[in-house]
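Structural features, examined
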Amino acid sequence: MKLAAIDIGSNAVRCQISNALTQEDAVIFKRIEYIRYAIRFGEDVFNSGFISDKKVDKFVKLLHAFQLLLDVHDVDHFMICATSAMRNSQNAPEILEEVYNRLGMKIDVIDGVAEAELINKVIVNFLDERNYLHIDVGGGSTEFNIYVNREKVASHSFEQGSIRHMHGGDSEELWNSMRQWIEVNSKQYHLSRAIGTGGNINKIYDMAGKSGGKPIFRKQIEEVVNLVSSLTMEERQTKLLLNPDRADVILPAAEIYLSAMKWAKLESMMVPNVGLKDGMIHALYEQFHSGRYVISGIN
């Protein structure tokens, strides 16, 4: 069975197609197609409150291209979710209606709780008996989750992300709220390790030369940050081969990851290279094999 997830984030839109392969009592999801396009809705929304007509037009074309791709791959079921930028955009209802009228594609605009629930579906596979702080930094929001014995015991979504932070769309009060939440919960649950998700921490992990599921240490993240911050935007692209939409947000995102680790007094982080799109694939499989899963969120 082929399943597809389209994740509409504040920085990029991602389309992933996976084949669900059953093996006795287990299911393996093999990725057969993945496309990422930096639409950058957050730049519009966090500055003006609206997504521009130019980006809306490009967005509809992009979804049409994804629709054709899903058709070519004979995808059985798909899900489309939008997060922080779309739920904060004042013209989101008009955009959703236009997409549905022109393409017949329904977009679920999910809240931070639903986003965390979906990511949880894949994160639990990478946990052990230690107590973890999960840090998921997107373009417009950051989700914190705490796991004890592989069970989520606390979570909170903050309207803070790499693009929002880069454009000054945050406040001292917000940072204090994030810090307080982590400090209180880290003391209560005696956290011992972080687990990070998001495109920026994946890139930092690669740049640190990490692989094979090994943890990255806070000092190593700081070393990558120091390297990137020493270079101009052009040098980041030519010397480090970072894409333009990664070269500018990687430092704001890293500040959030590092701050969370410092507040929780954690020195190491697992980076499993999974995210919302993978959780969506799992949710689709559950929905069409058990009929129990219903996505919660706001439209």
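The structure displayed is predicted, hence computed values, not measured ones. (Residues numbered from 1 in each chain as written. Predicted model: local features only at pLDDT ≥ 70, side-chain atom pairs only at ≥ 80, totals over all residues. Heavy atoms only, no water.)

Here the focus is the pattern of salt bridges. Scanning all chains against the criterion turns up 19 salt bridges. Taking the shortest distance from any N to any O, the salt bridge between K262 and E222 comes out at 4.0 Å. Linking K262 in helix α12 (residues 250–264) with E222 in helix α9 (residues 218–229), this pair joins segments that are 40 residues apart in sequence. Members of the salt-bridge network, linked through shared partners, are R40, E43, D44, K55 and D248. (Salt bridge = Lys/Arg side-chain N within 4 Å of Asp/Glu carboxyl O. Helix = DSSP H or I, 4+ residues; strand = E, 2+ residues; numbered from the N terminus.)

The next thing to look at is the confidence of the model for the chain. Looking at the chain, pLDDT values average 91 and 96% of them are 70 or higher. Residue range residues 291–299 is modelled with pLDDT below 50. Its contacts to residues more than four positions away, or to other chains, number 28 contacts. (pLDDT = per-residue confidence, 0-100. Contact = heavy atoms within 4.5 Å.)

Here helix α7 (residues 172–189) is 18 residues long and its end C-alpha atoms lie 26 Å apart, about the 26 Å a rise of 1.5 Å per residue gives. Along α7, the residues that are buried comprise L174, W175, M178, W181, I182, N185, S186 and Y189. Mapping the buried residues of α7 onto a view down its axis gives an arc of 130°, with all of them on the same face. In α7, the exposed positions angled more than 90 degrees off the buried face are occupied by E172, E173, Q180 and K187. (Expected span 1.5 Å × (residues − 1). Buried < 20%, exposed > 50% of the residue type's maximum accessible area, 1.4 Å probe, protein only. Arc of directions from axis to C-beta.)

Between its terminal C-alpha atoms helix α5 (residues 112–123) stretches 16 Å, which fits the 16 Å expected from 12 residues at 1.5 Å a residue. Burial runs high along α5: 10 of the 12 residues are buried. Among the residues of α5, G112, A114, E115, A116, L118, I119, N120, K121, V122 and I123 are the ones counted as buried.

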